[in-house]
Amino acid sequence: MRKWTLALISATMVMGLAACGSSNDNKEQNSANTGNQAAGNNAAAANAGDSTNSSSTESVKLRIYAQYADEDTKGPYDYAVAELKKAMPNVELELDVQAQDDGQKLKTYAATGNLPDIFQAGLDIISTFKKSGNILELDKYADDFKAKIQPSAMNTLVTDDGHIYAFPYAGNEVAMLFYNKELFAANNVKVPTTYDEMMAAVNAFNAKGITPLALFAKEKWPTVALYDMFASRNDPAGITKLDKGEAKASDPEYKTAAEEIVKLVKAGMLPKGATNLNYDQAAALFHEGKAAMFLNGQWEIDASTKALGEKLGYMYVPAADAAAYESSKLTFSGGGGPGGYAVNPQTKDPELAAKVAAFISLKYAEFKFTQRGTPMVATKVDAPVVNKFPPVMEQLSKDIPSMKTTAFSWGLSNPKFKAAIEDAAQSLMTGGYSPDDFVSDVDAAISSK
Amino acid sequence: MRKYLGNKTAILLFILPALLLYTVVVFYPVVQVFYRSLFDWDGLSEAKFIALDNYKRLFHDHVFFTSLYNSAVFAVIIAIVQITIGTLLAFAVSEAAMRGRKFVRITVFIPVVLSITVVCQLWLAMYNGEYGLINKLFEAVGLSYRQDWLTDRHTAIFALAAVNAWQYMGYHFALLLAGVKSIPESYMEAARIDGASKMKAHLRITMPMLAETYKFCLILAFTGGLNAFANMYIMTSGGPGTTTYTLTYMMFRSAFRVGEFGYGSASAAFLVIECLIVTLIINKLIARDPIVY
């Protein structure tokens, strides 16, 4: 019996070693991918296996990984596909719906050699895929697209290394502080321009049983945006300086921002359980007139205009004093970064895939500009506007030429810092987390870069 | 029997499918976790061997200690609540005189078969700071004990543990009830004849005879608690901040949010060792020969 037990243990160990050994194969596969030479293991190639090159009129099927979850994401996709059918009738797109999962599904596709021909990529994906050779450099396919990009949105096309990896459609979008004009007027509250006035507004609304600021802090990015709004009153670079390691959270400009937020949160600026509030719950508070202010990106304008109409306004972020307010009011939290539709280097016909990716991005921008009433798109749009801009968007479009931006949390380049600032900023919204804790947690992430 | 045990080929043949499955599904991934924990690796690019650096970093990372503490708190709470209430219910339901035994048996077990997502959504609504049932109950009885159950940095992990304890209590109850029922009636009869009360009989006879079942329940509750992930992921996303992180959640964050698969593997490897140690301790503490009736 002992002999058999030994034999079984040996068999298990042999299999274990085989398991370890196979990792070398993975490594080889990865390095092959890096060299853009992996042959035969890529499903994208198989997908396009029956395709011909772009000059042919034979039908071509391309797999695309795109957002398609709600009205906001289905609209531009359907529009772009319909336009593609007119312009390139031989190209058929097979949609793989993008998961809201921080790119996990896409990274798994890349790791298993199953990357779609065209996929949406943000800065995080671009940086990771660049290293592993899973994203096509689009410089030689981008001449036409470059001619159509808005000069102010060039930062969304070209990455820090000077190359193009994705065709953008979103311009420099920003986070905004919306407010309900009627609630402010009815309760005799001044739209705050300084921290003291903000505190006065918080106290006044609380006294009337109105939530001062609705924040969907279950998602971490709005909490980072709120911190960035306060930090960028003191330093126009906001969190981007921390991201690049050019500043520390212990620097007075950044620590003060955390202190001001804690004071306001302790005074009751946010609704009960804000860190467990999702968008629908927070938006409902604002849209139903139960909250006086609301933080979201400028894409909220459409929904809030429908709910509040003329009552909707946006305010510049309050600062320490009037002078600081005036000098920083056109600094908006957010901004764009490289991202958009990217191409798998293993696709059968890279030129065609790049052409389709660029076309889709252009049509996304066209749809958003003409039908969604947003001027913040990456490319120039010649088509006539179908739905005119809401009044708040008209007002914002006047600010755009002189606007300065920082970054959204998803546009940060250091993933360790991104995770740390997201966690720390969310903790700030509880009121039970001190500015010193914030400083130490964020600085630890900056120094471990 | 001897004939079967004598045929070594037959033994190998019968064991091989299970052994292969175990190797592929359990052994291979565990070996990979330990192996990958020695690398600086983003999951896609070529990995760089860094020996034990990930482990050294782990012991200087405050998120690791928060996760470790939360895992321990979570495991202890669910083990105590599930096994204590499970035992009391099992004793009650095993009493022939108790009315509504079937009803209790079914209702206590229902949460076990519910999807964890459904249970979490249900409790999210109950914990809501503004309109949640729990705060309303306090209000109804005239107590001004309104809490932000899931957003308070100090209570959130306890609130999550309560959800898990409630959901899987029925599982432990079922195991313990099966154990109670397998004890021959004659032992209890003998105790009764000797004048022992119900309470005393359970304490002196039933519970010691359930030692093997308790061992199993404790291992399940502790390893389940140390591995906890779904409740945090669905109900708080690990927040506020990092206050409801567990080691599994930390591994998820490191691998998928930060893109450090090597570091994530190091925390997973630590978790595997931690679970093994806990299992060994429980086995050691409740070590006894199986009782044969």
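Residues numbered from 1 in each chain as written. Chains lettered and ligands numbered in written order. Predicted model: local features only at pLDDT ≥ 70, side-chain atom pairs only at ≥ 80, totals over all residues. Heavy atoms only, no water.

1. Some details on the packing of aromatic side chains
Residue and element names in this part refer to chain B. To keep things clear, this is the line we draw: When the centres of two rings from Phe, Tyr and Trp lie within 6.5 Å, Trp using its six-membered ring, the rings pair. Their planes under 30 degrees apart give stacked, over 60 give edge-to-face, and anything left gives tilted. The secondary structure listing takes helices from DSSP runs of H or I that are at least 4 residues long and strands from runs of E that are at least 2 residues long, numbered from the N terminus. Burial here depends on accessible area, computed with a 1.4 Å probe over protein chains only, as a share of the maximum for the residue type. Under 20% is buried, over 50% is exposed, and the range in between is partly exposed.
For the structure shown, the criterion picks out 46 aromatic pairs over all chains. Geometrically, the ring pair formed by F59 and F270 is edge-to-face, given 6.0 Å between the ring centres and 70° between the ring planes. In this pair, F59 sits in the loop between α3 (53-58) and α4 (62-93) while F270 sits in helix α14 (residues 261-285), placing the two residues 211 residues apart along the sequence. Looking at F270, the relative accessible area reads 21%, which means it is partly exposed.

2. A short note on the pattern of salt bridges
Applicable threshold: Salt-bridge detection follows one rule: a side-chain nitrogen of Lys or Arg within 4 Å of a carboxyl oxygen of Asp or Glu.
In this structure the tally under the stated criterion is 27 salt bridges over all chains. The residue K306(A) makes a salt bridge to D302(A) at a minimum N-O spacing of 3.7 Å. Here the residue K306(A) and the residue D302(A) both occupy positions in helix α13 (residues 301-308), the gap between them amounting to four residues, near one helical turn. Residue classification places D302(A) among the partly exposed positions, given a relative accessible area of 30%. In this structure, the salt-bridge partner of K56(B) is D53(B), at a minimum N-O distance of 3.6 Å. In this pair, K56(B) and D53(B) both sit in helix α3, three residues apart, roughly one turn of the helix. According to the relative accessible area criterion, K56(B) is exposed, its value standing at 52%. D53(B) gets classed as partly exposed once you look at its relative accessible area, which sits at 39%. The network of salt bridges with shared partners includes K220(A), K418(A), E422(A), D423(A), R253(B) and R257(B).

3. A closer look at the domain arrangement of chain A
How big an interface is tends to be stated in terms of the accessible area lost upon association of its parts. Residue and element names in this part refer to chain A. So the rule is basically this: Domain boundaries shown here were taken from an automatic or database domain assignment. By definition in these notes, contact holds between two residues if any of their heavy atoms fall within 4.5 Å. Buried area, as used here, totals the accessible surface that two parts lose on assembly, with accessibility defined by a 1.4 Å probe and the loss added over both. We define a polar contact as two N or O atoms separated by no more than 3.5 Å, with the added condition that, inside protein, one atom must be a possible hydrogen donor and the other a possible acceptor, whereas residues neighbouring each other in sequence contribute only through side-chain atom pairs.
Parsing chain A into structural domains produces domain 1 (4-19 + 32-172 + 336-382) and domain 2 (174-334 + 406-447). Facing five residues of domain 1, the contacting portion of domain 2 comprises six residues. Carbon and sulfur atoms make up 50% of the area that domain 1 and domain 2 hide from each other, which totals about 560 Å². In this structure, the connection of domain 1 to domain 2 is made through zero salt bridges. For the pair domain 1 and domain 2, the number of links is zero residue pairs in polar contact (both at pLDDT 80 or more).

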